[in-house]
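# Secondary and tertiary structure notes
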Amino acid sequence: MTAFAAAPADPTAPSTRAGHDDRAAFLREFLRAPFTVAALTPSGRPLSEAVTATVPRDGAPLVVELGPGTGAFTAAIQRRLTAGGRHLAVEINARFAERLAARYPRVDLAVADARGLRDILTQRGHDRADAIVSGLPWAAFAPDRQDDLLDAVTAGLATHGVFTTFAYAHTRWTPPARRLRRLLRARFAEVVPGRTVWANLPPAFVYYCRHPRPATAPTGPTNERVGRP
């Protein structure tokens, strides 16, 4: 069909056919490993723009992406980064990683568990990230894995950095979602839940987390408000 013949105006955005392929790939991987993928479809562009809103648009920042999947957030990060920016993606699924490497050759891709982020950064000569963007399915993880992942995030994030992750609106008050909020509040001095992105399927919202606490720091009052990043 001619609709698939024209190249997209945005070189970082997948074509319509690629979008269909991504959804099919996501469904296949969900069926193979539902507790690793934990979603039936990739995130839409409105959510992708919201979760990457804190990625710096200038300078030479290091942006780490955890669990990029088929690349919905990857494309948004690439649109924001200037030529001096560095983009490290950590993906545990080898099939997703292969697709990402072919589509986004500028991205430094590590096929690894995000819990090893500190070692991954060290191996690549990096200290800490200026921004960490997460596409990980927190609700699908056991409590100890959630703990380990967030420990890795705070250990790998600069003191001025921002960590963003998302949750589905309809699960906001479930026990796993409440536990994630408690974990975020324990590890960041500021946790800002963004507005619901109704255009996503299903609707979702973003947590914007700033000022990571040292691992041994006591948990104090958290500045939490609802709004924009």
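Shown above is the structure to which this text applies.
For clarity, every value in this text was computed on a predicted model and none was experimentally measured.

Procedures and definitions
- In this convention, every chain numbers its residues from 1, walking through the sequence in written order.
- Local features in a predicted model are, by the rule used here, given only for residues with pLDDT of at least 70; side-chain atom pairs are given and counted only at 80 or more, and totals for whole chains, interfaces and linings are based on all residues.
- To get the side-chain values, all heavy atoms of the structure are used, and hydrogens and water are removed first.
- Helix and strand definitions follow DSSP, with helices as H or I runs of at least four residues and strands as E runs of at least two, each counted in order from the N terminus.
- Throughout, exposure labels follow a simple rule: accessible area from a 1.4 Å probe, protein chains only, divided by the maximum for the residue type, with under 20% read as buried, over 50% as exposed, and the rest as partly exposed.
- Should any heavy atoms of two residues lie within 4.5 Å, those residues are counted as being in contact.
- Computed by Shrake-Rupley with a 1.4 Å probe, the accessible areas treat only the displayed protein chains as cover when residues are assessed.
- For Phe, Tyr and Trp, rings pair up if their centres lie within 6.5 Å, where Trp contributes its six-membered ring, and each pair is then called stacked (planes under 30 degrees apart), edge-to-face (over 60) or tilted (otherwise).

In terms of helices and strands, the protein chain carries eight helices and eight strands. Within the protein chain, the proportion of its 229 residues that are buried is 48%. Excluding contacts between residues fewer than 6 apart, the proportion of contacts in the protein chain whose partners are at least 24 apart in sequence is 68%. Put simply, the protein chain shows about 11,100 Å² of open surface, and 57% of that area lies on carbon and sulfur atoms.

The next point concerns the packing of aromatic side chains. For the structure shown, the criterion picks out six aromatic pairs. Taking 6.5 Å as the distance between ring centres and 90° as the angle between the ring planes, the aromatic pair formed by W138 and F163 counts as edge-to-face. Of this pair, W138 sits in the loop between strand 4 (129-134) and helix 7 (143-156) while F163 sits in strand 5 (residues 157-168); the two residues are 25 residues apart in sequence, bridging distant segments of the chain. Each member of the pair, W138 as well as F163, carries the same accessibility label: buried. With a centroid separation of 5.8 Å and an interplanar angle of 10°, the aromatic rings of F163 and F188 are classed as stacked. Here the residue F163 occupies a position in strand 5, and F188 occupies one in strand 6 (residues 188-193), the gap between them amounting to 25 residues. Take F163: its relative accessible area is 0%, and that puts it in the buried class.

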